[in-house]
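Per-entry structural report
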Amino acid sequence: MIRIEPREAPSRLMTLGIPVLSALIALALAAIPLAFAGAPIAAAYREMVKGVLGSTFAISETLTRATPLIFTGLAAALAFRARLWNIGAEGQLYLGAMAAVAIGTGAIEAPAIVLIPLIILAGTAAGAAGMAVPTVLKSRFGADEVVTTLLLNFIILIFLQMMLEGPLKDPMGLGWPQSPPILDQGMLPPLMDRMRVHSGLIIALVAAGVAQFMLMRSVWGFRLRAVGENAAAARHAGIRVNRTMMSVAVVSGALAGMAGVSEVAGLKGYLTADLSPGFGYTGIVVAMLAGLSPVGVVISALFIASVFVGADSMSRAMGVSSYLADLVVSMSLLCVLIGGFSARYRIVRTRAIEAGSA
Amino acid sequence: MTQKQVLSLKGLSKRFGPVVANDGVDLALYEGEVLALLGENGAGKTTLMNMLFGHYMPDAGTIEVADAEGVLHPLPLGHPQAALAAGIGMVHQHFTLAETLSALDNIVLGTEPLFRLRRDRAAARAKIERIMRHTGLTAQLDVPVGRMSVGERQRVEILKALYRDARILVLDEPTAVLTPQEADTLFDNIGAMTRQGLSVIFISHKLREVLAFSHRIAVLRHGVKVGEIATGDADERVIARMMVGADTPETPRETLEIGPPVLTLENVSVVGRSKRDSLAAVSLTVHRHEILGIAGVSGNGQSALAGLLSGLTRPSSGRMVVDHIEITRFQPRTMIREGVGRIPEDRHRDGIVGAMSVAENMVIERLDDPEVQKRGLLRRDAISANADRLAADYDVRGPGVNAPARLLSGGNIQKLILARVFEQNPKLILANQPTRGLDLGASAEVARRLLEARARGAGIVLISEDLDEVLSLADRIMVIHDGALREARTRDREEIGLMMAGEMA
């Protein structure tokens, strides 16, 4: 017979080691589908590592891919810490991107020092508004934010398509549903010559540091943690639960919106409806992998980005499907969930009851 | 009483990490005997019973249970199924009944094969009715448990154990939720059961009932059995000394001149979701230097009254005045600002954020205080200095002020809450079941702090289901029944008990 018992106190080594171990196990498990795809496994892993770290270009690509994931990961981590289930980072990302494009493509003529902050402000405000609405619905009417934020993603995506066929459509775009390009002085400056990695990464790292500091050291973070860990006790202690939720929603939405700003004004330059290959959803995985720690989000975003970039270049080199990357990401999430469970519980084998012992 | 042994625990030990919960405990139980198991919270009573019932695997030791012929057999350890099969039944403090099912369904639940198309309830009903006749335990078998009183639910729990042919019944603090009259009935039933040959282990904190109803008393302290005594040879003083290792300090209680009113409720009604959390035009006044005791059986409106004073519940009509200020915004922060200290009933749910540190929990009610924060940032040094000081002053013991509060024992969690509340010198204190589940030492500490606050000039509303506690602490007693409050003009247990049952106009 098998029984599950809680462990008394998960050790520090375990809480830190288990996510790492889970990620490694997930990578190792990727060998199975690789073998099925008929690729030589050692060579495939070598290609993967080369694609992630093998050159300045590879590193730049990995960091570029990690940037939006840090933002959406932070958006999920902060919200989830307060038990506010923001599944809508994908939609908020597009709201941020739309606002960035609305401001940055010529509506306002200003030097970079003014225009870039304006674009960021507009994008984060749009993302924040996108999360504020479901949060008001939640606190006023009890509408489940999992459902509302998730469904809003699709509404926003359709709204985006409408805008790209209408007011935001580039008249010079040869009929493609895409926005005009953001002015040069509105673009986030690149970090390296001829590389795609841009200063959005710096903003993301600063955001993670600030989030970590605010969460642990500020009164706001105190309230957030208290509401998330035990809303009843927080309310009893005079903390305004709804107001705290609202502030978390605004910050979470703003971070997701910033992901959109960073992608459109840091990388692509113009907005299309396929700006994000699911960065909003992947952000949830990033946050879970990080144990909802803002600093951890940076590390797990780098890991997930490496998996995507690595699997991408491997699939090109080896001729196997790049969906393998999705598989590895999913497996690492599963491994981490199982790992987190095994950190808190242990499985005990007990001998079966002898017949007739009664 | 026959001296046929039915249960023998030998050398049972259990450690949780560095904590020794039980260390070489021996215990014997004889047929037809009521054994009271006493001990402070954290003394290891529950761990011991959980090992007996197979929930925990002992690190060392053996358990032997007699079969129907009286021959002792070793019990496979760590198997609840084996314990059940060997005739051990347990009634927990928190009932494990499905509220929408009838008593009969609840009793039979789990004993029937899963895949059978027809259910034969006649035999089950006959068996239960036979048990009820023999023991005097009565329950309405066809009524959903959700509509039953707490006492009747408890009888259903006991019937459930007896239906499974329990010969050894463990009752965990069975009278905590009962009126004195219901408790007396329970003890009559236990008497009848033991005359049928059943053996009972009952865990309690209430010395009075232990002395009145048990045959033998075993006392645990720090996981070790420190004494065993025939009830006839014991008195309260002897047992208390065994439990805490010293004489319990009598709570000194000075007579005080009552001060001006600090809380007035005028015809306050609360419309709750059910009758259990409603109040019907309640009026009361609490003065400075006064403890008002609210006695009553749980679920008669105490939670509405407590919610009102905590700021969690808003009244549908009536006025509430705290120290000359009429309360219009019913929010916890308003009450905190007006100097109301609140000790919640469910300290785990409402009192602490378990995942946050002891130090953080000590300042959670005053996050706007410049001593705690500066420009929105936590003053961590001040917070931990405050925690060190309060932990020392209020004797909060545990793995340190930076450890999560959930690691504290129940008594220490309560001390944390006391420290948080009393440090703010509240004018008015709501103490809702402040000693429930606490050991003697921690209970005495709560009583001492309440009396100290009273001496300092606070008015106190003490809501308690423990009539002994109300009688010993309160200056004035009101009884709550069905959402209505009535002044008790007597301190007679019997009379107040009848008022609690709603039997007197």
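Here the structure is a predicted model, which is why all the values come from computation and not from measurement.

1. Digging into the overall build of chain B
Tallying secondary structure elements over chain B gives 17 helices and 22 strands in all. Computed over C-alpha atoms, the radius of gyration of chain B comes to 24 Å, within 12% of the 23 Å expected from 2.2 N^0.38 for 505 residues, which places it in the range of a compact globule. Seen through its principal axes, chain B has C-alpha atoms that stretch 70 × 50 × 50 Å. For chain B, with 505 residues in total, the buried portion stands at 55%. The long-range share in chain B, meaning contacts at least 24 apart out of those at least 6 apart in sequence, stands at 67%.

2. Re the interface of chain A and chain B
Opposite the 28 residues of chain A that make contact, chain B presents 37 residues. Around 2900 Å² of area is buried between chain A and chain B when both sides are counted, 62% of it from carbon and sulfur atoms. For the chain A face of the interface with chain B, the top three residues by lost area are R217, F222 and H236 of chain A, together amounting to 26%. The tally of links between chain A and chain B comes to 2 salt bridges. Of the charged contacts in the structure, one is a salt bridge between D368 of chain B and R223 of chain A, with a shortest N-O distance of 3.0 Å. Viewed at the interface, chain B and chain A are joined by 10 residue pairs in polar contact (both at pLDDT 80 or more). With 6 residues, the top contributor of residues to the side of chain A that touches chain B is helix α9 (residues 219-229) of chain A.

3. Some thoughts on the pattern of salt bridges
Inspection of every chain in the model, using the stated rule, returns 38 salt bridges over all chains. Two residues, K138 of chain A and E145 of chain A, come together in a salt bridge whose shortest N-O distance is 3.1 Å. Overall, K138 of chain A belongs to the partly exposed group, its relative accessible area being 25%. One salt bridge connects E228 of chain B with R216 of chain B, and the closest N-O pair in it is separated by 2.4 Å. A residue pair is termed long-range when its members are at least 10 positions apart, and E228 of chain B in strand β10 (residues 224-230) and R216 of chain B in strand β9 (residues 216-221) qualify at 12 residues. The exposure class of R216 of chain B is buried, given its relative accessible area of 12%. Among the charged side chains, a salt-bridge network with shared partners connects E33, R216, K225 and E228 of chain B.

4. As for the side chain of E90 of chain A
Relative to the helices and strands, E90 of chain A is located in helix α5 (residues 89-104). Summary of buried charges: E90 of chain A has no salt-bridge partner, and the nearest side chain of opposite charge, K268 of chain A, is 11 Å away.

5. A look at the domain arrangement of chain B
Residues and elements named next belong to chain B. Considered domain by domain, chain B is made up of domain 1 (5-244) and domain 2 (261-354 + 426-500). Between domain 1 and domain 2, the contact holds 14 residues from the first and 16 residues from the second. In total, about 1300 Å² of surface goes out of reach between domain 1 and domain 2, with carbon and sulfur atoms giving 53% of it. Here domain 1 and domain 2 share 1 salt bridge between them. Residue D468 is joined to R208 by a salt bridge in which the shortest nitrogen-to-oxygen separation is 3.6 Å. Where domain 1 touches domain 2, the interface holds 0 residue pairs in polar contact (both at pLDDT 80 or more). Elements supplying a minimum of two residues to the side of domain 1 that touches domain 2: α6 (180-195) and α8 (236-244). The leading source of residues in the side of domain 1 that touches domain 2 is α8, at 3 residues. Residues of the side of domain 1 that touches domain 2, tallied by class, amount to 7 nonpolar, 4 polar and 3 charged.

6. So, the environment of V286 of chain B
All names here are of chain B. Topologically, V286 is positioned in strand β12 (residues 279-287). Given a relative accessible area of 0%, V286 falls into the buried group. For the pair V286 and P260, spaced 26 residues apart in sequence, the C-alpha separation works out to 8.5 Å.

7. Some thoughts on helix α8 (residues 200-217) of chain A
All names here are of chain A. The end-to-end C-alpha distance of α8, which contains 18 residues, comes to 25 Å, matching closely the 26 Å that a straight helix rising 1.5 Å per residue would cover. Among the residues of α8, G200, L201, A204, A207, A208, A211 and L215 are the ones counted as buried. Burial along α8 is one-sided: seen end-on, the buried residues are contained in an arc of 115°. Buried residues belonging to α8 abut α4 (56-81), α9, α11 (241-268) and α13 (294-318).

8. A few points about the environment of E61 of chain A
All names here are of chain A. Within the fold, E61 resides in helix α4. Using a relative accessible area of 14% as the deciding quantity, one classes E61 as buried. Contact partners of E61, with chain neighbours within four places excluded, come to R196 and V309.

9. Topic: a nonpolar patch on the surface
Taken together, the side chains of W85, V146, V147, L150, L151, F154 and Y281 of chain A present a nonpolar region at the surface, about 570 Å² in accessible area. Relative to the helices and strands, L151 of chain A is located in helix α7 (residues 145-165).

10. Considering the nonpolar core
Formed by 147 residues in total, the largest nonpolar core has its most connected members in V264, L271 and I304 of chain A together with F422, L450 and I496 of chain B. In this view, I304 of chain A contacts L69, T282, V285, V286, L289 and V329 of chain A; residues no more than four positions away in its chain are not counted. Membership of the second largest hydrophobic core comes to 47 residues, among which are I128, L141, L159 and L207 of chain B.

11. A few points about the sheet that holds strand β22 (residues 484-487) of chain B
Residues and elements named next belong to chain B. With mixed pairing, the 6 strands of this open sheet are ordered in space as β16-β19-β20-β13-β21-β22. For this open sheet the edge positions go to β16 (340-343) and β22, each flanked by a neighbour on one side alone. Neighbour-to-neighbour, the strand axes of the sheet open up by a mean angle of 20°, direction not taken into account. Sheet topology note: the strand β19 (residues 428-432)/strand β20 (residues 459-464) ladder contains 5 bridges and is parallel. The residue of β20 that forms the bridge with L428 is G459.

12. Points about the packing of α4 of chain A against α11 of chain A
Residue and element names in this part refer to chain A. Look at α4 against α11: their axes get within 7 Å of each other, and the N-to-C directions meet at 170°. When the axis of α4 is compared with that of α11, the two are roughly antiparallel. Residue-level contacts link T64, T67, P68, F71, T72, L74, A75, L78 and A79 of α4 to V248, V251, S252, L255, A256, M258, A259, S262, E263 and L267 of α11. Among the residues forming the contact of α4 with α11, the class breakdown is 13 nonpolar, 5 polar and 1 charged.

13. Here's the deal with unusual backbone geometry
Residue and element names in this part refer to chain B. One non-glycine residue, E173, adopts positive backbone phi at about 40°. Structurally, the position occupied by E173 is in the loop between β7 (168-172) and α6. We note that N425 has phi near 45°; this positive angle belongs to a residue other than glycine.

14. Re the sheet that holds strand β8 (residues 199-203) of chain B
Neighbouring strands of a sheet are bound in pairs by backbone hydrogen bonds; such pairs are parallel or else antiparallel. Residue and element names in this part refer to chain B. Sheet architecture is open: 6 strands sit in the order β6-β7-β8-β3-β9-β10, paired in mixed fashion. This sheet does not close on itself; its edge strands, each paired only once, are β6 (88-91) and β10. Each neighbouring strand pair of the sheet contributes to a mean axis angle of 20°, computed without reference to strand direction. Pairing between β9 and β10: 6 bridges, direction antiparallel. Bridge pairing in β10 places L220 opposite K225. Against the sheet, helix α1 (residues 45-52) touches β3 (34-39), β6, β7, β8 and β9, its axis set at about 135° to β3.

15. Digging into the environment of G502 of chain B
All names here are of chain B. With respect to the helices and strands, the residue G502 is situated in the segment after α17 (493-500). Given the relative accessible area of 34%, G502 is considered partly exposed. Taking the C-alpha atoms as reference points, G502 and V479, separated by 23 residues in sequence, lie 9.2 Å from one another.

16. Regarding the packing of aromatic side chains
All names here are of chain B. Going through the model one piece at a time under the given rule, you end up with 3 aromatic pairs over all chains. Their ring planes at 5° and their centres at 3.8 Å tell us that F187 and F213 sit as a pair that is stacked. Placement of the pair is F187 in helix α6 and F213 in helix α7 (residues 207-213), with a sequence separation of 26 residues. Since its relative accessible area comes to 6%, F187 is described here as buried. Among the aromatic residues, those joined into a ring-pair cluster are F187, F202 and F213. In this structure, K127 is placed above the aromatic ring of Y163, and the distance from its NZ or CZ to the ring centre is 4.8 Å. When the ring centre of Y394 is taken as reference, the NZ or CZ atom of R449 above it lies at 3.8 Å.

Rules behind the numbers
Residues numbered from 1 in each chain as written. Chains lettered and ligands numbered in written order. Predicted model: local features only at pLDDT ≥ 70, side-chain atom pairs only at ≥ 80, totals over all residues. Heavy atoms only, no water. Helix = DSSP H or I, 4+ residues; strand = E, 2+ residues; numbered from the N terminus. Rg over C-alpha atoms; globule rule 2.2 N^0.38 Å. Buried < 20%, exposed > 50% of the residue type's maximum accessible area, 1.4 Å probe, protein only. Contact = heavy atoms within 4.5 Å. Buried area = accessible area lost by both parts, 1.4 Å probe. Salt bridge = Lys/Arg side-chain N within 4 Å of Asp/Glu carboxyl O. Polar contact = N/O pair within 3.5 Å; in protein donor to acceptor, adjacent residues only side chain to side chain. Lys, Arg positive; Asp, Glu negative; His and termini not counted. Domains from an automatic or database assignment. Nonpolar A, V, L, I, M, F, W, Y, C, P; charged D, E, K, R; others polar. Expected span 1.5 Å × (residues − 1). Arc of directions from axis to C-beta. Patch = residues over 30% accessible without salt bridge, like charges linked within 9 Å, V, L, I, M, F, W, Y side chains within 5 Å. Areas by Shrake-Rupley, 256 points an atom, 1.4 Å probe, with all protein chains shown as cover. Core = buried A, V, L, I, M, F, W, Y, C linked by side-chain atoms within 4.5 Å. Pairing = 2+ DSSP bridges. Axes fitted to C-alpha atoms, helices over the stretch in contact; angles between N-to-C directions. Parallel < 35°, antiparallel > 145°, perpendicular 65-115°, else oblique. Phe/Tyr/Trp six-rings, centres within 6.5 Å; stacked < 30°, edge-to-face > 60°. Lys NZ or Arg CZ within 6 Å of the ring centre and 35° of its normal.

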